[in-house]
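# Geometric and topological summary
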Amino acid sequence: AQSVTQLDSHVSVSEGTPVLLRCNYSSSYSPSLFWYVQHPNKGLQLLLKYTSAATLVKGINGFEAEFKKSETSFHLTKPSAHMSDAAEYFCVVTGSSGGSYIPTFGRGTSLIVHP
Amino acid sequence: GAGVSQSPSNKVTEKGKDVELRCDPISGHTALYWYRQSLGQGLEFLIYFQGNSAPDKSGLPSDRFSAERTGGSVSTLTIQRTQQEDSAVYLCASSLPTDRALAYEQYFGPGTRLTVT
């Protein structure tokens, strides 16, 4: 079985300050992990993905995430928030090595960016 | 190139009526997923198609929901005798086939917003 927990339903930051969106996962197999972003009234877009290569993954728009197997975490970070980063963020796990091919989505974290 | 498209973008229907939602995946993507997203909620998996294999219907909430995928391309999600709790955004996604070595990213359509009055 696999599961994903996004630890914060809302995160509020000021423009120019760092962003940290937390994600913990559970998987019986070597997982593939993804972060997607959903801007208001838009479809989901891939930010970055981890598929058993480098543990530090860089994505679009300055975001990155680090896969930590010992902590079963895949937290999303960005050094400096921009107003355009305000959106809903979803952490996703898929068990690619024999596990479920059905992606499991976290409940989402709403990022609010203040001027 | 063309992304995933869905139609209609909005659908308002009366309780008890049937509705059909359409998804056109990216050409060459053999995996296709349907999800439901209720207001302020995450994505709820509904059904998964992979090539010619039998679909995984484990997420369908009731027998009023069904889906088809014709010719390995276009998919239609049908909801019969709609209820108010069916109101949500229905998202379709496609991807390259998932194999044991790698899980490919999903490409999402813009969704169909269904409102049942």
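Whatever comes next refers back to the structure up there.
Residues numbered from 1 in each chain as written. Chains lettered and ligands numbered in written order. Predicted model: local features only at pLDDT ≥ 70, side-chain atom pairs only at ≥ 80, totals over all residues. Heavy atoms only, no water.

The next thing to look at is the state of the cysteines. Residue and element names in this part refer to chain B. Overall, the coordinates contain two disulfides over all chains when judged by the stated rule. Shown here is the disulfide that connects Cys-23 with Cys-92, its sulfur atoms set 1.9 Å apart. Between Cys-23 and Cys-92, the S-S torsion sits near -65°, and that sign places the bridge as left-handed. Of the two residues, Cys-23 is situated in strand S3 (residues 19-24) and Cys-92 in strand S8 (residues 88-95); the sequence distance between them amounts to 69 residues. For Cys-92, a relative accessible area of 0% translates into the label buried. (Disulfide = S-S within 2.5 Å. Helix = DSSP H or I, 4+ residues; strand = E, 2+ residues; numbered from the N terminus. Buried < 20%, exposed > 50% of the residue type's maximum accessible area, 1.4 Å probe, protein only.)

Once that is clear, we can look at the nonpolar core. One recurring pattern in soluble globular proteins is that nonpolar side chains are buried together. Core analysis: the biggest nonpolar cluster contains 26 residues, and Trp-35, Leu-48, Leu-76 and Tyr-89 of chain A have the highest contact counts within it. No other element matches the four residues that strand S10 (residues 87-95) of chain A contributes to this core. Beyond its immediate chain neighbours, meaning those up to four positions away, Leu-48 of chain A contacts Leu-33, Phe-34, Trp-35, Val-57, Lys-58, Gly-59, Phe-63, Glu-64, Ala-65, Phe-74 and Leu-76 of chain A. By size, the runner-up hydrophobic cluster in this structure holds 20 residues, among which are Leu-21, Ile-47, Phe-65 and Val-116 of chain B. (Core = buried A, V, L, I, M, F, W, Y, C linked by side-chain atoms within 4.5 Å. Contact = heavy atoms within 4.5 Å.)

Tracing the sequence through the fold places Gly-106 of chain A in the loop between strand S11 (104-105) and strand S12 (109-114). It is 10.0 Å that separates the C-alpha atoms of Gly-106 of chain A and Ser-9 of chain A, two residues lying 97 residues apart in sequence. With near-sequence residues (within four places) excluded, Gly-106 of chain A lies in contact with Val-4, Gln-6, Phe-90 and Cys-91 of chain A together with Gly-42 of chain B.

Another aspect to go through is the packing of aromatic side chains. Scanning the entire structure with this criterion turns up 14 aromatic pairs over all chains. Aromatic side chains Tyr-25 of chain A and Phe-67 of chain A sit 5.8 Å apart centroid to centroid with 25° between the ring planes, which places their arrangement in the stacked category. With Tyr-25 of chain A in strand S4 (residues 23-27) and Phe-67 of chain A in strand S8 (residues 64-68), this pair connects stretches of sequence that are 42 residues apart. Accessibility classification places Tyr-25 of chain A together with Phe-67 of chain A in one group, the buried group. A centroid spacing of 6.3 Å and a plane angle of 70° characterise the contact between Tyr-35 of chain B and Phe-45 of chain B, whose relative ring orientation is edge-to-face. (Phe/Tyr/Trp six-rings, centres within 6.5 Å; stacked < 30°, edge-to-face > 60°.)

Right, let's get into the environment of Glu-20 of chain B. All names here are of chain B. Considering the arrangement of structural elements, one finds Glu-20 in strand S3. Residues Glu-20 and Ser-7 lie 13 residues apart in sequence; the distance between their C-alpha atoms is 9.1 Å. Other than its neighbours up to four places away in sequence, Glu-20 contacts Pro-8, Thr-76, Leu-77 and Thr-78.

A few words now on the pairing of strand S1 (residues 2-6) of chain A. Residue and element names in this part refer to chain A. By the alternation rule, side chains of S1 split into Gln-2, Val-4 and Gln-6, which are all buried, and Ser-3 and Thr-5, of which none is buried. Bridging between S1 and S4 involves five bridges; their strand directions are antiparallel. Bridging from a neighbouring strand, Thr-5 pairs with Asn-24 of S4. (Pairing = 2+ DSSP bridges.)

Once that is clear, we can look at the sheet that holds strand S1 (residues 5-7) of chain B. Residue and element names in this part refer to chain B. The strand order S1-S3-S7-S6 describes an open sheet built from four strands, whose pairing is antiparallel. The outermost strands of the open sheet, each flanked by one partner alone, are S1 and strand S6 (65-69). Looking at each pair of strands side by side, their axes are set apart by 15° on average, direction ignored. Of the strand pairs in this sheet, S3 and strand S7 (residues 75-79) are connected by five bridges, and their pairing is antiparallel. Within the sheet, the bridge partner assigned to Leu-21 lies in S7 and is Leu-77. (Axes fitted to C-alpha atoms, helices over the stretch in contact; angles between N-to-C directions.)

Our next topic: the interface of chain B and chain A. A common way to state how big an interface is: give the accessible area lost once the parts meet. With 23 residues of chain B at the contact, the number on the chain A side is 21 residues. In this assembly, chain B packs against chain A so that about 1,800 Å² is buried in total across both faces, 57% of it on carbon and sulfur atoms. Linking chain B with chain A are one salt bridge. Among the ionic pairs, Lys-49 of chain A bridges to Glu-105 of chain B, the shortest N-O distance being 3.7 Å. Seen at the junction of chain B and chain A, the total is two residue pairs in polar contact (both at pLDDT 80 or more). Of all the elements in the fold, those that place two or more residues in the side of chain B that touches chain A are strand S4 (31-37) and strand S5 (43-50) of chain B. Class assignment for the residues of the side of chain B that touches chain A results in 12 nonpolar, six polar and five charged. (Buried area = accessible area lost by both parts, 1.4 Å probe. Salt bridge = Lys/Arg side-chain N within 4 Å of Asp/Glu carboxyl O. Polar contact = N/O pair within 3.5 Å; in protein donor to acceptor, adjacent residues only side chain to side chain. Nonpolar A, V, L, I, M, F, W, Y, C, P; charged D, E, K, R; others polar.)

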